[in-house]
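Residues per chain, in single letters:
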Number of protein chains: 4
Amino acid sequence: MVPRYARAAMTDLWTPEARFRVWFEIEAHATDALADLGVVPREAAQALWDWWNAARAASADGQAPIDVAAIDAIEAVTKHDVIAFLTWVSEQVGPQARYLHQGMTSSDVLDTCLAVQLARAADLLIADLDALLEAIKTRALEHKLTPTIGRSHGIHAEPVTFGLKLAQAYAEFARNRERLVAARADIATCAISGAVGTFANIDPAVEAHVAAKMGLSVEPVSTQVIPRDRHAMFFATLGVIASSIERLATEVRHLQRTEVLEAEEYFSPGQKGSSAMPHKRNPVLTENLTGLARMVRGYVTPALENVALWHERDISHSSVERYIGPDATITLDFALARLTGVIEKLVVYPVRMQKNLDRMGGLVHSQRVLLALTQAGVSREDSYRLVQRNAMKVWESDGELSLLELLKADPEVTAALPVEEIEAKFDLGYHFKHVDTIFARVFGTAG
Amino acid sequence: MVPRYARAAMTDLWTPEARFRVWFEIEAHATDALADLGVVPREAAQALWDWWNAARAASADGQAPIDVAAIDAIEAVTKHDVIAFLTWVSEQVGPQARYLHQGMTSSDVLDTCLAVQLARAADLLIADLDALLEAIKTRALEHKLTPTIGRSHGIHAEPVTFGLKLAQAYAEFARNRERLVAARADIATCAISGAVGTFANIDPAVEAHVAAKMGLSVEPVSTQVIPRDRHAMFFATLGVIASSIERLATEVRHLQRTEVLEAEEYFSPGQKGSSAMPHKRNPVLTENLTGLARMVRGYVTPALENVALWHERDISHSSVERYIGPDATITLDFALARLTGVIEKLVVYPVRMQKNLDRMGGLVHSQRVLLALTQAGVSREDSYRLVQRNAMKVWESDGELSLLELLKADPEVTAALPVEEIEAKFDLGYHFKHVDTIFARVFGTAG
Amino acid sequence: MVPRYARAAMTDLWTPEARFRVWFEIEAHATDALADLGVVPREAAQALWDWWNAARAASADGQAPIDVAAIDAIEAVTKHDVIAFLTWVSEQVGPQARYLHQGMTSSDVLDTCLAVQLARAADLLIADLDALLEAIKTRALEHKLTPTIGRSHGIHAEPVTFGLKLAQAYAEFARNRERLVAARADIATCAISGAVGTFANIDPAVEAHVAAKMGLSVEPVSTQVIPRDRHAMFFATLGVIASSIERLATEVRHLQRTEVLEAEEYFSPGQKGSSAMPHKRNPVLTENLTGLARMVRGYVTPALENVALWHERDISHSSVERYIGPDATITLDFALARLTGVIEKLVVYPVRMQKNLDRMGGLVHSQRVLLALTQAGVSREDSYRLVQRNAMKVWESDGELSLLELLKADPEVTAALPVEEIEAKFDLGYHFKHVDTIFARVFGTAG
Amino acid sequence: MVPRYARAAMTDLWTPEARFRVWFEIEAHATDALADLGVVPREAAQALWDWWNAARAASADGQAPIDVAAIDAIEAVTKHDVIAFLTWVSEQVGPQARYLHQGMTSSDVLDTCLAVQLARAADLLIADLDALLEAIKTRALEHKLTPTIGRSHGIHAEPVTFGLKLAQAYAEFARNRERLVAARADIATCAISGAVGTFANIDPAVEAHVAAKMGLSVEPVSTQVIPRDRHAMFFATLGVIASSIERLATEVRHLQRTEVLEAEEYFSPGQKGSSAMPHKRNPVLTENLTGLARMVRGYVTPALENVALWHERDISHSSVERYIGPDATITLDFALARLTGVIEKLVVYPVRMQKNLDRMGGLVHSQRVLLALTQAGVSREDSYRLVQRNAMKVWESDGELSLLELLKADPEVTAALPVEEIEAKFDLGYHFKHVDTIFARVFGTAG
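Residues numbered from 1 in each chain as written. Chains lettered and ligands numbered in written order. Predicted model: local features only at pLDDT ≥ 70, side-chain atom pairs only at ≥ 80, totals over all residues.

This brings us to the overall build of chain A. Scanning chain A for helices and strands turns up 19 helices and 6 strands. Expressed as lengths along the three principal axes of its C-alpha atoms, the size of chain A is roughly 100 × 50 × 40 Å. Long-range pairs, those at least 24 residues apart, make up 74% of the contacts in chain A with a sequence separation of at least 6. (Helix = DSSP H or I, 4+ residues; strand = E, 2+ residues; numbered from the N terminus. Contact = placed C-beta atoms within 7 Å.)

Written out as structure tokens, the structure is:
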């Protein structure tokens, strides 16, 4: 975790305190269920909650205080984190705590806790996506009909609108939202099934109770651990979202290039672009997002490698998850929020867009002429040749010559197409007649 | 593609002939729709199908013959594959073919074709998963109550059944099937939207028609290309499935180890395990699957890197997809089929499983004694100490000593637990009382 | 392997025929050494070479013909490739062949063969790098003093020369050459050490003899297999080289953008840029290289995962290497050659470079003024403020205003710096005074 | 960074304080060089060092105190870290500080600082490797002739010694040490070349001076930034080392399996293996190392993706390096130290090794018999058949039958080989006759 790329709500999920609180809740709910089954005394369960509620009531922020240092000190001896935690809880609660963790194994707590943390992290990320979608939609509607050049291979192609660029991004992130909802469901499962998943020493009813209380579904079959294909799918999904962030960030970086300058990241008054060159305004936020995307993607492979645990489990996945659990979710949360800010405040230059659109001397209309020639009965090959020979002259003049004028002066062209028909092919509005259709597909309304 | 790791049905999807046939279908359906709209003459569309149907009728296998070498020769000049193909088709069909590809751009054909190929590949993979699930289920039911030792960290833990191991694998691959169905839907979209996705020169009705005919949904917003987050999600899903293959393969490899030998890959009569050591029977299929899983996982990152294309498109994704389109699907198809064969023919040794289960002198029952002591009023810490001091003796004897006998001889233990109660804790059946529950969760029936 | 991204010299290394020929050489040299040691009859070794030499003499291309289909047919029964090959050789050579492979294990042949193939592949790649370096150097010297704008963050910064851009690329690929030479040495080792690497049944002298004959060094300690950290390092090195290819390709893609157009990939007369837009010239070669770089990088992780084989060996690495051995080397060979062609034929537009350099109204000289102010005694903060307030006006005018004129009209500036000193800061040559120094560092001579 | 997987010496390199101290040193040395050149007053340089030395003298630990919070507060306004730092230094040093950073650009400081940090990190890692090599060597010599079974595919093959296993690991880590030394040289370069690397406003002599003072070499050609192929190579090398760690860790995990138990991680008195199963001793350290290896490998691809920066630089690499700079080096440092501890304290069970070696009824000697039969004139195919039919009986008896006895009772075998010759083939020492050779190759001495 890099503090400068972290936001509080997400990092709070991953503190030791937060983890130990989830552990407590899991253990206490399990003890409730064990009391229901008559396995442990009701008072044992009650004692846990009594301590918990009293501790919460006595604390300033309504959260039960956790003495992480004390637990760490116990772990330094036992070299086992759950035993250290249970020992500490016992010290707080007293003798009734001996019924805690009955028939359970450490992973019952650890894996269910991770499910809770990842589900909560997913909730934050889904909210992030909602905010981003909202920002993109607002700007898309604003620029629904702002003409700009469409580019393939970085080369001017045909006109689009800036709203269409954003509509594409909207659709992409809407898909990502759906994927994340599915991935959240994939990891939000509870396993309280004992040492090798047989429920030998713990009734499945305990698992069902804890699952319900913690907002999880029941893991159908566990083997001490929750199977890691679930987590692999989750982190792979984050990797896809990160790649979409990179795509939109790359678009902004291109638009802000000196020669293009069709849009710019917002540049606040006090900000300095360069220690050496005072005129510079750099797309540093989107370049940063490009790097952050690399990191979130980098966490995918370790998550995939975590799947093939040995037999009923080995613990190799654990260290990986101590990194990527926080790092992937915190980084992605930050990146989504940063991207949302970039889009919300993006400074768009429609005048420059029009200027760029015009700079190629009308080459962007070449295809329409090509089609018109074909429809006028010229063979495809000849049409292509006729258009290309004029287009190449414009290209080589760097936009000084006009394609329209050249075509009008080409007798082979005018022999097939009357001048007024050629002129009609240079109408910009023609390209935007289906923008409403596309907006209706993407936003459910044409705006 | 490595021929030895390829099966015909999948490789057939990726031949040049297969690709050109899909191209033709897309172009011909599009021409139909253009004729419906009155953009091109009905006869132009008809001429395409007439040639196609005549060619199919005249061919031995009912497939229209494609002269790949001729198309390649044209591409060598034009350096553009779609133009080369269209030129070749024109040569076959005659002058009516000049209406072909009206208002379309190459990517309309290429991306829609890739969607068709990936959807068909996904169908084969789903069928592969179905076969694998069937194989796993059969063996799971067969060994539902075959006792075997559960291991965490490679160390004996508590008893499970071999059927439970397979039930876990079944649930995992059932999840993978669901993920693949979702990933298939993600990539099965059709885009016929022109040079920058505005439908400037082609009506959206063409796209709708081609989509329906090719079994695809309509891409809501494209930018010459179908957005690559879809493909990234698809290949990431294949990477997760590959990781699950590695998990099950690793299990078999472990079980076949000389010292464990609880199961073995089927070893056919003519087969030789080693050129030097005639006694060897190696788990070479599952080792091979481990390697194949690495490859399919290796294709995930390039697919993720393909997402951030420049502006409306660049063509950097194309070379990547020429590799991973075939390589990932062909390899995964082969791997799933190989794994299915391994599971179907797996030689299982229940006697050896029981022998291994017994070799630790009853240590696998230690937890039950621990719990019984706790419930008899001994503190958790003392219970742990009492069990551990006896368990350690058994451990150090390498299973020569019996935990049951030691416990019965430990006065501190017998002071808390009567001997018959201790003995009752060493019952194997106790561990399997919830196997039905788990099977019902996984298979919808307890068997 | 994708045929369109493959060149013959490299693919020839990876054919079954080529592999079997290397196998034969290894086996025959080993038999020679065994004969020297008196382990097998001299005639047995001689018989091998007699057949080999006769077969070569009888063949049109001087290569011993290998009947791959026959060997495959034997493998279909034995399920073991080396045994299949030995059986086939025995059929060719006759009874003397029974001494073949004495005390050896399959991996002795397979791993040594892979070392030979990778070393030969490395030799081709080193030659590719040499050709690329030569091409870059030629163009760098040609454009040593061609002024162009340097850009950080895609924003105009200060002047550089086009030769400097290429000098950077030269230095980078020169480093890559060095790395590849080291990686080649890492994988070029021979192991003939028997079933578990103890030389129990084969004398180390055999290994030494084969190593010398095949141009390899001796593997100090093998365990049936050559350790895979060597191969991991090799493929990781290819991944670094691929990333450098992506860097230079990205530079060309940027330079060819419509708005920049400072350089262009060569566009041959017959070539068509787009089926729809006849005016387009797209940087498709460098976009393609970007994708190929993703693939070569994608092979790094499987190679790293291959390192942790179980005990003395498992065969999981083998399938991975059947893919990445050919795919990584063939793709990189093609990419290096393609990049060399791009650089050799790159169309450079110095006039456009100058035009772009001038388009910012002299902002590129802002830092020099900043420094001059500081040296004239103005505080750093004030200097920055003075320059920035004028720079921002130029920036907002899109280069219509001139920084020089504005500074000369700013009394706070002229109070600190005389007008002629301000003017002197706008000299382009000033920026190039150390180009010779840099060229001397990179090329060993200033040109 | 995960605190539990971090050691102080390495984390200290990556604190903000440490970074700012390196920044100061770079800036102050540069100012010295500028004073030498007469660009800035000598007193300006002196003022910097005066403050620095006074601050160090006044501090408890001899380090100049850095007020990170104050610098961060300035950065919150300027949004530029180097400017924030320079502003803070100016506040400390006074007016002379206005000569600081003359003609330099932020990256001159940042990239040179990163080079210093990575070089120092590499030094720690090289020391880690030395300690690990020492530990492995000690145990290798101790167990040079401890017989143990060699396994391929997890199946018993032929005898090796435990020392040989360790010798292999030694050779592998010795190679890794060499690679790391090369990678360190690759990243240890200094660039002080100004805004786009032309030295327009700073003389190359400054770079040379700073490089010498900071223990770096001079970057031949930089472009504001040091080229990232250097860093890619560095992190790729760490990924290879991590993979070797995984290999040795996996070996220990296998050896500690219940059924194998030839070696065990040291288990300290207070340690608890499982909260539920008191008898368990799990190889948790090596499982943990397996996970840590996945993380270090996961950082390779982001480093490779960092190479292709846009034009003279973009800042996308920076966020990546804020993660992987510390995370990769801290994790690898911890992992190497943990592995060293595992090896040093590894509990080795030679008795169990012998027991396992014997458990296959002598099958491990089968190859020698095969060779003897061949040399006695039996065809290779017949020899194989004779040995295999007896070997298979032993195999199926699970080691109850003895291969030696069966062979002696097989008339076809004894017809070719006298009984005493068969018996001689079952000598264990035979396998170890070249151990000295291998040790001499690896350690430079046979021990």
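After a rotation of 180° and a shift along the axis of 0.0 Å, chain B superposes on chain C with an RMSD of 0.1 Å. Each copy turns onto its partner about a two-fold axis. Relative to the rotation axis, the closest C-alpha in chain B is found at G298 of chain B, a distance of 2.7 Å. Of all interface residues in chain B, 100% are interface residues in chain C too; the two copies therefore contact each other through one and the same surface. (Least-squares fit on C-alpha atoms with pLDDT ≥ 70 in both.)

It takes a turn of 180° to lay chain A on chain B, together with a shift of 0.0 Å along the axis; the resulting RMSD is 0.0 Å. A shared interface surface links the copies, since 100% of the contact residues of chain A are contact residues in chain B too.

Here we take up the interface of chain A and chain B. On the side of chain B, 72 residues touch chain A, which itself brings 72 residues to the contact. Among the secondary structure elements, those contributing two or more residues to the side of chain A that touches chain B are β1 (147-152), β2 (155-161), α7 (162-187), α9 (229-256), α11 (300-305), α14 (366-375) and α19 (435-443) of chain A. No other element matches the 13 residues that α9 of chain A contributes to the side of chain A that touches chain B. A breakdown of the residues in the side of chain A that touches chain B according to their chemical character gives 30 nonpolar, 25 polar and 17 charged. (Nonpolar A, V, L, I, M, F, W, Y, C, P; charged D, E, K, R; others polar.)

To continue, consider the interface of chain B and chain C. Counting residues at the interface gives 40 residues for chain B and 40 residues for chain C. The set of elements that each furnish at least two residues to the side of chain B that touches chain C consists of α4 (68-78), α5 (81-93), α10 (284-298), α11 (300-305) and α12 (316-345) of chain B. The element contributing the most residues to the side of chain B that touches chain C is α10 of chain B, with 9 residues.

Before going further, it helps to spend a moment on the domain arrangement of chain A. According to the domain assignment, chain A contains domain 1 (1-102), domain 2 (104-266 + 279-359) and domain 3 (363-425). Each of domain 1 of chain A and domain 3 of chain A was reduced to a C-alpha centroid, and the two centroids are 76 Å apart. (Domains from an automatic or database assignment.)

Moving on, we get to the UniProt feature "domain: Adenylosuccinate lyase C-terminal" (unreviewed entry) in chain A. Listed under "domain: Adenylosuccinate lyase C-terminal" (unreviewed entry) in the UniProt record, and renumbered for this structure, are residues 361-443 of chain A. Spanning residues 361-443 of chain A, this segment combines 65% helix with 0% strand, and its end C-alpha atoms are found 34 Å apart. (UniProt positions renumbered as here; feature names shortened; annotations may be inferred.)

This part covers unusual backbone geometry. All names here are of chain C. Of note, the phi angle at L261 is positive, near 45°, even though the residue is not glycine. Of note, L261 is situated in the loop between α9 (229-256) and β5 (263-264). L261 sits in the buried class, given 21 other C-beta atoms within 10 Å. One non-glycine residue, H311, lies in positive phi territory at about 45°. Position of H311 among the secondary structure elements: in the loop between α11 (300-305) and α12 (316-345). Of the residues examined, H311 has 25 C-beta atoms within 10 Å and is grouped as buried. (Buried ≥ 20, exposed ≤ 12 C-beta atoms within 10 Å, placed from the backbone.)

This brings us to the packing of helix α6 (residues 106-142) of chain A against helix α12 (residues 316-345) of chain A. Residues and elements named next belong to chain A. Contact geometry of α6 with α12 gives a least axis separation of 9 Å together with a crossing angle of 15°. On the basis of the axis angle, α6 is roughly parallel to α12. Crossing of α6 against α12: the hand is left-handed. (Axes fitted to C-alpha atoms, helices over the stretch in contact; angles between N-to-C directions. Parallel < 35°, antiparallel > 145°, perpendicular 65-115°, else oblique. Left-handed = near helix turned anticlockwise from the far one by under 90°.)

Residue and element names in this part refer to chain B. Of all 6 residues in strand β1 (residues 147-152), 6 are buried, a share of seventy percent or more. By the bridge criterion, 5 bridges tie β1 to strand β2 (residues 155-161) in an arrangement that is antiparallel. Paired with S152 across the two strands is I155, which belongs to β2. As consecutive antiparallel partners, β1 and β2 are separated by 2 residues, and within that stretch H153 has a phi angle of approximately 60°, a positive value. (Pairing = 2+ DSSP bridges.)

In this section: the environment of Y99 of chain D. Residue and element names in this part refer to chain D. The residue Y99 is located in the loop between α5 (81-93) and α6 (106-142) in this model. Each C-alpha atom of the pair Y99 and M392 lies 85 Å from the other, and the pair is 293 residues apart in sequence. Discounting chain neighbours no more than four positions away, the residues touching Y99 are T31, V40, P41 and A44.

All right, on to α5 of chain D then. Residue and element names in this part refer to chain D. Over its 13 residues, α5 runs 18 Å from end to end, which matches the ideal 18 Å to within 8%, given 1.5 Å per residue. Within the span of α5, buried status applies to D81, V82, I83, A84, F85, L86, W88 and V89. Contacts from the buried residues of α5 go to α2 (16-36), α4 (68-78) and α6. Backbone geometry just after α5 places G94 at a positive phi near 100°. (Expected span 1.5 Å × (residues − 1).)

All names here are of chain B. Here F85 lies in helix α5. Spatially, the C-alpha atom of F85 lies 20 Å from that of S193, the residues being 108 residues apart in sequence. Not counting residues within four places of it along the chain, the set of residues in contact with F85 comprises F20, W23 and I71.

Time to look at the packing of α14 of chain A against helix α15 (residues 380-396) of chain A. All names here are of chain A. Where α14 contacts α15, the axes come no closer than 9 Å and their chain directions differ by 145°. As α14 packs across α15, the resulting crossing turns out to be right-handed. Contacts between α14 and α15 involve S366, V369, L370, L373 and T374 on the former and, on the latter, R380, S383, Y384, L386, V387 and A391. Tallied by class, residues from the contact of α14 with α15 come to 7 nonpolar, 3 polar and 1 charged.

All names here are of chain A. As for its placement among the helices and strands, A55 is situated in helix α3 (residues 42-58). On the basis of neighbour count, A55 is assigned to the partly exposed category, with 15 C-beta atoms found within 10 Å. Between the C-alpha atom of A55 and that of I66, which follows or precedes it by 11 residues, the distance is 9.5 Å. Sequence-distant contacts of A55, that is, excluding residues within four places in its chain, are made with A64 and P65.

On to the confidence of the model for chain A, then. Predicted coordinates in regions of low pLDDT should not be interpreted in detail. Looking at chain A as a whole, the pLDDT averages 94, with 98% of positions reaching at least 70. Scoring the predicted complex yields pTM 0.96 and, for the interface, ipTM 0.94. (pLDDT = per-residue confidence, 0-100.)

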